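Structural description and commentary
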Amino acid sequence: MISQIPHKLRRRWARYTKALPFSDARWRYSRALRKTDPVQGWKIHLSATQLSASEIFSRVHPVLAKHGVLFKVPATLEMLEELNSGIRQFSQVGKFLTVYPRSAAEATDLARELDLVTRNLCGPEIPFDVRYRKNSLVYYRYGSFRRADDGSAEAGVIFDPSGKPHKDRREFGHAIPRWFASPFKRSPPRPNDLNVGGPLAPGYLPFRAIMQRGKGGVYEAVDLSISPARLVIIKEGRRNGETAWDGKDGYARIKHESRVLRMLGAAGIPVPQIFHEFSRDGNQYLVLEKIVGRPLLQQGVTGPRKVSWRRAQNILSQLSVLLSKVHKAGWVWRDCKPSHVFLHDGMMRIIDFEGACRISETEVLPWGSPNYSPPGYHKNFSRPAGQFEDDYALGTIVFQFATGQLPSPTKRTRARLYTRTGAPRFFRDNVERLLRISR
Amino acid sequence: MATKKFPNPKRPHSLKRIVKKIIADPDYAKFIHGEVRKARGGDRAAAARVAAHFKPLRSELKALKIPASQMNTVLECSECTRPILIDFAAHV
């Protein structure tokens, strides 16, 4: 049972971290800060998923205790899950354990020892740190050891040897300040993997990151392999990226989406065509047709500029036909939302099927955007069979376009909004039927 | 049919600029693609030509937020026969 896994792991994590004497709302610390602790230096990060965190901690804790070094870990596995999603800050992905060594020599010793005890365990890649060794869970960067007074972790400052302050940037190219030589042995050069493994297909030039988070990026790219060159979308699934409680990571989700898209495409549903699929450096990539047209609403926009129940009714008619086809093919989309529905010349096309599951599947984790998921849905670790996620999302979209707002949990507030927009009875009943499902 | 040749520009194009050129001119797209393929096969002259035509701005690379390990591949390429950003994709 998937639902048992989080409980067991949470209990184990609580047991391990109980011994750490200091904590705040988010972190647990190995000891109090001492006046003699440096204000900046070589930070060591260890990467973990919420599934591997306890095992990694049990192996590294003796090493850290031996050195008496200051370190911190997330107070809960949910917080680690949030860090690894990269939704708040992509640069923080994977930073499960942060060590604050007191000298460069201690940093290099610790990195070596921590690397040794964590071999063959898994964690996501930390985006902008330097990896200690290929496949290592140990990463490092030079940075501030203090949070700025305003409490923002981003606002840290580091000082160069002349005392000049520099912003401590958690970005590409800033892991090692230009005024310092790295005390770590240079990692062995990456093998030229592009010249091995059979025929290669160079030809995609990504030029825009539509999204970048722990599970992988979504890029707009030019496909040079055909003439004339065409615009494509490349979806990336990172190995160990945003690993869920059921063990599925970005890589697995992209593999799954490919399968779903092929089946839905074969059933005549207007989903993006798959041009190419490949693995690279352990990650999975899906090259998709770039859908022409505009989404019903851009990501993050909560309502249309003009509200109209007639337009909402039109969306309901079109989208419910598409959803019926998806359901008839045996799938529930589970990510139906306005930014995933594209309109072009009056035709609708739908995207993003990473979270789709079979209608009859129950042993599967909840999936979907919070505003378009039934209330309380994400607290569960399984789902009842059926298509209720799509029905609820459809009801939400239609309500949004009719009233300009997301549906309120109270029937009375919703009724007031219907009245204000002059929506007729039959329309209200249809929307309410869709929204009622899990209320 | 032989691919049309393009002389090296005075300065390498940025990512934004080369994308515009590739979309606007199918011959240029073919030329760049051909040079990248040759570079991948170990042709240093082709690698130098690609480097002369294309050097993404640091700000453009930052905006892509590609993790350091993938980015290193991108940056190392201008000095060797390994691919540039164009070789983001891989095995057939």
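Residues numbered from 1 in each chain as written. Chains lettered and ligands numbered in written order. Predicted model: local features only at pLDDT ≥ 70, side-chain atom pairs only at ≥ 80, totals over all residues. Heavy atoms only, no water.

1. A few points about the overall build of chain B
What counts, and what does not: Secondary structure follows DSSP: runs of H or I at least 4 residues long count as helices, runs of E at least 2 residues long count as strands, and numbering of each begins at the N terminus. Exposed residues in this analysis have more than 50% of their type's maximum accessible area, buried residues have under 20%, and partly exposed residues fall in between, with area computed by a 1.4 Å probe over protein chains only. A 1.4 Å probe and the Shrake-Rupley method give the accessible areas. Residues count as covered only by the protein chains that appear here.
Across its full length, chain B holds five helices and zero strands. Counting from the amino terminus, chain B carries its helices and strands in the arrangement α-α-α-α-α. Taking all 92 residues of chain B together, 50% fall into the buried category. Element-wise, carbon and sulfur atoms account for 55% of the exposed surface of chain B, whose accessible area totals about 4,700 Å².

2. A closer look at the sheet that holds strand E18 (residues 347-350) of chain A
Residue and element names in this part refer to chain A. Condition: The criterion for strand pairing is that DSSP finds at least two bridges linking the strands in question. For this analysis, residues touch if any pair of their heavy atoms sits within 4.5 Å. Interaxial angles span 0 to 180 degrees and are taken between N-to-C directions of axes, which are lines fitted to C-alpha atoms, for helices over the stretch in contact.
Strand order in the open sheet formed by three strands is E15-E17-E18, and the pairing between neighbours is antiparallel. Pairing within the sheet leaves two strands with one partner each, and these edge strands are strand E15 (294-295) and E18. Here strand E17 (residues 341-344) pairs with E18 via four bridges, running antiparallel. Bridge pairing in E18 places Val 341 opposite Ile 350. Running over the sheet, helix H6 (residues 309-328) touches E17 and E18 and is turned about 45 degrees from E18.

3. What to know about the environment of A:Trp367
All names here are of chain A. Examined against the element boundaries, Trp 367 turns out to sit in the loop between strand E19 (357-358) and helix H7 (388-403). When its relative accessible area of 19% is taken as the criterion, Trp 367 is described as buried. The spacing of Trp 367 and Gly 355 is 12 residues in sequence and 5.7 Å in space, taken between C-alpha atoms. Apart from the residues within four sequence positions on either side, Trp 367 is in contact with Lys 215, Arg 253, Arg 334, Asp 335, Glu 354, Gly 355, Ser 373, Tyr 377 and His 378.

4. Comments concerning the state of the cysteines
For clarity, the cut-off: Any cysteine sulfur atom paired with another within 2.5 Å is treated as part of a disulfide.
For the structure shown, the criterion picks out zero disulfides over all chains. No disulfide involves A:Cys336; its sulfur sits 14 Å from that of A:Cys357, the nearest cysteine.

5. Side note on the domain arrangement of chain A
Where interface size is given, it is often the accessible area lost as the parts come together that is meant. Residue and element names in this part refer to chain A. What counts is decided by this rule: Boundaries of every domain are those given by an automatic assignment or by a domain database. The term buried area means the drop in 1.4 Å probe accessible area that two parts suffer when joined, counted for both and summed. We define a salt bridge as a contact between a side-chain nitrogen of Lys or Arg and a carboxyl oxygen of Asp or Glu at a distance within 4 Å. N or O atoms closer than or at 3.5 Å make up a polar contact, with two conditions inside protein: a donor-capable atom paired with an acceptor-capable one, and, for residues adjacent in sequence, both atoms drawn from side chains.
Under the domain assignment used here, chain A contains domain 1 (4-189), domain 2 (194-289) and domain 3 (294-435). Here the C-alpha centre of domain 2 lies 30 Å away from the C-alpha centre of domain 1. The interface is formed by 18 residues belonging to domain 1 together with 11 residues belonging to domain 2. Of the roughly 1,200 Å² buried at the junction of domain 1 and domain 2 (both faces included), carbon and sulfur atoms supply 64%. In terms of surface lost to domain 2, no three residues of domain 1 exceed Gln 50, Leu 51 and Phe 90, which account for 34% of the buried area on that side. Between the two partners, domain 1 and domain 2, sit zero salt bridges. At the boundary of domain 1 and domain 2, one finds four residue pairs in polar contact (both at pLDDT 80 or more). The greatest single-element share of the side of domain 1 that touches domain 2, amounting to five residues, is contributed by helix H3 (residues 77-85).

6. Some points on the sheet that holds strand E1 (residues 22-23) of chain A
Residues and elements named next belong to chain A. Strand order across the open sheet formed by seven strands is E1-E2-E4-E5-E3-E7-E6, with antiparallel pairing between neighbours. With one partner strand each, in any of the chains shown, E1 and strand E6 (130-131) form the two edges of the open sheet. In this sheet, strand E2 (residues 27-29) lies alongside E1 in antiparallel orientation, the contact comprising two bridges. Among the inter-strand pairings, Phe 22 is bridged to a residue of E2, identified as Tyr 29.

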